[in-house]
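Observations on chain architecture
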Amino acid sequence: MEVQELCRNLPILETERLILRKITLDDLEDMFEYCSIDEVSRNVTWETHKSMADTKQFLEMILEQYENEKVVFWGIQWKENSRLIGTIDYVSWNPIHKIGEIGYVLSPDFWGKGIMTEAAKEVIKFGFEEMGLVRIQARCFLQNQGSERVMQKIGMALEGTVRKGIFAKGKHQDLKLYAIVNDNFQKRTTTP
């Protein structure tokens, strides 16, 4: 699948409790609600949103990337009340090497309930089956145990520590690197 085609026609993905879909400006209030919490932004590269204007600027950047066919980015909608509770995306995708990297964020109201694991499994399945990926990876700050647990639950294996792997929060951060390859994913999904 071509990058532009996928970005232009980003499909809606559905799980038992979630709808993964393109975000819109209508998601502004829901997104601000969790992006304005310090506890949420502590383990991501962006800073806490101080105002709705910060969130609107972020949303507009994503919408522009949709238009320019440069992003594979889903909003995570809670089926029960149709609210946006987080996002999950391919922060990078190299079609030549067939490698992708996922990133995600979730409202703390939904932490510890298996929701991000549910979303990530669906996005990984899509990556292997529809995007033709051979390897999908994810990285997290060393202290981000919640994200690390998600990576483990979706079948990723720890590959090591990327020392000084990103400059964020005013300093170079070490990152844990997890990955799953298509062969392992297929074994997990076909084994009874």
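See the structure shown above.
Now for a quick tour of the structure. What you see is a predicted model; the values in this text were computed from it and never measured.

How each quantity is defined
- Residues numbered from 1 in each chain as written.
- Predicted model: local features only at pLDDT ≥ 70, side-chain atom pairs only at ≥ 80, totals over all residues.
- Heavy atoms only, no water.
- Helix = DSSP H or I, 4+ residues; strand = E, 2+ residues; numbered from the N terminus.
- Rg over C-alpha atoms; globule rule 2.2 N^0.38 Å.
- Buried < 20%, exposed > 50% of the residue type's maximum accessible area, 1.4 Å probe, protein only.
- Contact = heavy atoms within 4.5 Å.
- Lys, Arg positive; Asp, Glu negative; His and termini not counted.
- Charge placed at Lys NZ, Arg CZ, Asp CG, Glu CD.
- Pairing = 2+ DSSP bridges.
- Axes fitted to C-alpha atoms, helices over the stretch in contact; angles between N-to-C directions.
- Polar contact = N/O pair within 3.5 Å; in protein donor to acceptor, adjacent residues only side chain to side chain.
- Expected span 1.5 Å × (residues − 1).
- Salt bridge = Lys/Arg side-chain N within 4 Å of Asp/Glu carboxyl O.
- Right-handed = clockwise from strand over helix to strand, strands pointing away.

1. Quick look at the overall build of the protein
Helices and strands together make up the secondary structure of the protein, namely 7 helices and 8 strands. Its C-alpha atoms give the protein a radius of gyration of 16 Å, near enough to 16 Å, the size a compact globule of 192 residues would have. Dimensions of the protein, computed from the C-alpha atoms along their principal axes, are close to 45 × 35 × 30 Å. Counting across all 192 residues of the protein, residues that qualify as buried make up 45%. A fraction of 63% describes how many contacts in the protein between residues 6 or more apart in sequence connect residues 24 or more apart. Between the mean site of the 25 positive side-chain charges and the mean site of the 29 negative ones, the protein shows a separation of 7 Å.

2. A closer look at the sheet that holds strand β1 (residues 13–14)
If you walk across this open sheet you meet the 8 strands as β1-β2-β3-β4-β5-β6-β8-β7, and the pairing is mixed. Lying at the two open borders of the sheet, with one neighbouring strand each, are β1 and β7 (157–168). Both strand β3 (residues 72–78) and strand β4 (residues 83–94) contribute to a ladder of 7 bridges, which runs antiparallel. The residue bridging glycine 75 from the neighbouring strand is threonine 87, located in β4. Packing of helix α2 (residues 28–35) onto the sheet brings it into contact with β4 and β5 (99–106), and relative to β4 it is tilted by some 80°. Packing against the sheet, helix α5 (residues 115–129) makes contact with β1, β2 (18–21), β3, β4, β5, β6 (135–141) and β8 (171–181), and its axis sits at approximately 35° to β4.

3. Some remarks on the side chain of arginine 21
Mapped onto the fold, arginine 21 is located in strand β2. Engagement of the side chain of arginine 21 in a polar contact is seen with the side chain of glutamine 77, the distance being 2.5 Å. Residues in contact with arginine 21, not counting those within four places in the same chain, are Ile12, Asp27, Phe73, Trp74, Gly75, Gln77 and Leu84.

4. Quick word on α5
Helix length check: α5, at 15 residues, gives a terminal C-alpha distance of 21 Å against a target of 21 Å (1.5 Å per residue), a fit within 8%. The buried count for α5 comes to 11 of 15 residues, which makes it a mostly enclosed element. Every buried residue of α5 is listed here: Ile115, Met116, Thr117, Glu118, Ala119, Ala120, Val123, Ile124, Phe126, Gly127 and Phe128.

5. Here's the deal with the pattern of salt bridges
Following the criterion strictly, the structure yields 9 salt bridges and no others. Between glutamate 14 and lysine 79 there is a salt bridge, and its shortest N-O distance comes to 2.8 Å. Taken as a pair, glutamate 14 in strand β1 and lysine 79 in the loop between β3 and β4 lie far apart in primary sequence, 65 residues in all. As a salt-bridge pair, glutamate 159 and arginine 135 come within 2.7 Å of each other at their nearest N and O atoms. Linking glutamate 159 in strand β7 with arginine 135 in strand β6, this pair joins segments that are 24 residues apart in sequence.

6. Comments concerning the pairing of β5
Regular strands place side chains that alternate from one sheet face to the opposite one. In terms of burial, β5 is largely enclosed, as 7 of its 8 residues are buried. Of the pairings in the sheet, the one linking β4 to β5 comprises 8 bridges and is antiparallel in character. Each bridged residue has a counterpart across the sheet, and for asparagine 94 the counterpart in β5 is isoleucine 99. Between the antiparallel neighbours β4 and β5 lie 4 residues, among them lysine 98 with a positive phi of about 60°. In terms of strand pairing, β5 meets β6 through 3 bridges, oriented parallel. The residue of β6 that forms the bridge with glycine 100 is isoleucine 136. With α5 bridging β5 and the parallel β6, this β-α-β connection has right-handed handedness.

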